[in-house]
Amino acid sequence: QDGYVVFTVNGTENTRGTVDGHCFLCNAKKNRITSDDDTSLDTDSSFTYGVKKNKVYYLQVKMYAKEEYQVSYKFTKVNEKTGNHKKSKAATIKKSKTVKGLLMAGEKKADWYKIKLTQKQVLRLTVTTKSYRGIRVEVFDKYGEKVYGLDFYHPGSFNGTKTIHSAKWNGKAMKIKPGTYYV
């Protein structure tokens, strides 16, 4: 089953827990499928990647100097039934419901979802992610125009939760028109 793997790289007692180098996720041919994941931290460095069932992956570790390090990993299955890479086949997110998505390492695809509003209202989305290489969430109307205030971009590691909502005006969240919106 598809899922995500978390690699943790850390130093040993001889390096006092620190390591200074880079990690890359590679495919079965040992070609890099992720960009430079820097491990220059004083504590454990963790990298999370979406991976496909029955595929072989390698983690390439390169240190700046000859250093002792340790690598461990944990795999978590994800039962994704909703994410679709085409806007035209976007899965519906119902009010107060949660959907799970999984973006694969090395792919430049997005998962599309749609939200149907039956009346003018404030739209709030809560996104929980385990992402090392960044996350971008944007909401578009049916014409493909981005909805002001309903976007979130974090270029680096983001393991947490973020709530976005329709733009605030004078301290109040603005209501948006009924219709279909795409995430």
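Residues numbered from 1 in each chain as written. Predicted model: local features only at pLDDT ≥ 70, side-chain atom pairs only at ≥ 80, totals over all residues. Heavy atoms only, no water.

Trainee: An account of the overall build of the protein chain is needed here, citing residue identities and associated values.
Mentor: Along the protein chain, the regular secondary structure elements total 0 helices and 15 strands. Burial statistics for the protein chain: of 183 residues in total, 34% are counted as buried. For the protein chain, restricting intrachain contacts to residue pairs at least 6 apart in sequence, the fraction spanning at least 24 positions comes to 67%. (Helix = DSSP H or I, 4+ residues; strand = E, 2+ residues; numbered from the N terminus. Buried < 20%, exposed > 50% of the residue type's maximum accessible area, 1.4 Å probe, protein only. Contact = heavy atoms within 4.5 Å.)

Trainee: So what's going on with the packing of aromatic side chains? Which residues, and what values?
Mentor: Any aromatic ring pair is given by two values, namely how distant the centres are and how the planes are angled relative to each other. Per the stated rule, a full pass over the model turns up 3 aromatic pairs. Aromatic side chains W112 and F140 sit 6.1 Å apart centroid to centroid with 45° between the ring planes, which places their arrangement in the tilted category. Placement of W112 in the loop between β7 (91–92) and β8 (113–117) and of F140 in strand β10 (residues 135–140) is noted, with a sequence separation of 28 residues between them. Grouping aromatic residues by their ring pairs yields a cluster made of F7, Y49 and Y73. When the ring centre of Y58 is taken as reference, the NZ or CZ atom of K30 above it lies at 4.9 Å. The aromatic ring of Y182 is capped on one face by K87, whose charged end is 4.9 Å from the ring centroid. (Phe/Tyr/Trp six-rings, centres within 6.5 Å; stacked < 30°, edge-to-face > 60°. Lys NZ or Arg CZ within 6 Å of the ring centre and 35° of its normal.)

Trainee: Can you explain the environment of T92? Please cite residues and give values.
Mentor: In this structure, T92 sits in strand β7. Note: C-alpha distance between T92 and V183 (91 residues apart in sequence) is 9.8 Å.

Trainee: Lay out the pattern of salt bridges in plain terms, naming residues and giving numbers.
Mentor: Taken as a whole and judged by the stated rule, the model has 3 salt bridges. Residue R136 pairs with E138 through a salt bridge whose shortest N-O separation is 3.8 Å. Note that K146 is salt-bridged to E138, the shortest N-O span being 3.3 Å. Given a relative accessible area of 44%, K146 falls into the partly exposed group. The class of E138 is buried, set by a relative accessible area of 19%. Connected through shared salt-bridge partners, R136, E138 and K146 make up one network. (Salt bridge = Lys/Arg side-chain N within 4 Å of Asp/Glu carboxyl O.)

Trainee: For a positive patch on the surface, give the residues involved together with the corresponding values.
Mentor: Together, K120, K172, K175 and K177 make up a positively charged patch on the protein surface. Looking at the element boundaries, K177 is found in the loop between β14 (172–173) and β15 (179–182). A relative accessible area of 62% places K177 in the exposed class. (Patch = residues over 30% accessible without salt bridge, like charges linked within 9 Å, V, L, I, M, F, W, Y side chains within 5 Å. Areas by Shrake-Rupley, 256 points an atom, 1.4 Å probe, with all protein chains shown as cover. Lys, Arg positive; Asp, Glu negative; His and termini not counted. Charge placed at Lys NZ, Arg CZ, Asp CG, Glu CD.)

Trainee: Before we move on, could you go through the nonpolar core and cite the residues and values that matter?
Mentor: Residues I115, L123, V137, V139, L150, I176 and V183 are the most contacted members of the largest nonpolar core, which totals 19 residues. When sequence neighbours within four positions are dropped, the list of residues in contact with L150 reads L123, V137, E138, V139, I164, H165, S166 and I176. Core analysis: the next-biggest nonpolar cluster, separate from the first, contains 11 residues, F7, Y49, V51 and V61 among them. (Core = buried A, V, L, I, M, F, W, Y, C linked by side-chain atoms within 4.5 Å.)

Trainee: Could you give me a rundown of the side chain of T34, with the residues and numbers involved?
Mentor: Along the chain, T34 falls in the loop between β2 (21–26) and β3 (37–38). Polar side-chain contacts of T34 include one of 2.9 Å to the backbone nitrogen of L25. (Polar contact = N/O pair within 3.5 Å; in protein donor to acceptor, adjacent residues only side chain to side chain.)

Trainee: Kindly report on unusual backbone geometry, identifying the contributing residues and their values.
Mentor: Glycine aside, a negative phi is what most residues show, and trans is what most peptide bonds show. One non-glycine residue, K30, adopts positive backbone phi at about 65°. Positioned with a positive phi, N54 is a non-glycine residue whose angle comes to about 60°. Topologically, N54 is positioned in the loop between β4 (45–51) and β5 (58–63). A relative accessible area of 74% means that N54 is categorised as exposed.

Trainee: Go over the sheet that holds strand β1 (residues 3–11) with me, naming the residues and quoting the values.
Mentor: In spatial order, the strands read β4-β1-β6; together these 3 strands make up an open sheet with antiparallel pairing. Where the open sheet ends on each side, the last strands, each with one partner, are β4 and β6 (69–77). Strand after strand, the sheet turns through a mean of 20° between neighbouring axes, direction not considered. By the bridge criterion, 9 bridges tie β1 to β6 in an arrangement that is antiparallel. Considered in β6, the bridge of F7 is made with Y73. (Pairing = 2+ DSSP bridges. Axes fitted to C-alpha atoms, helices over the stretch in contact; angles between N-to-C directions.)

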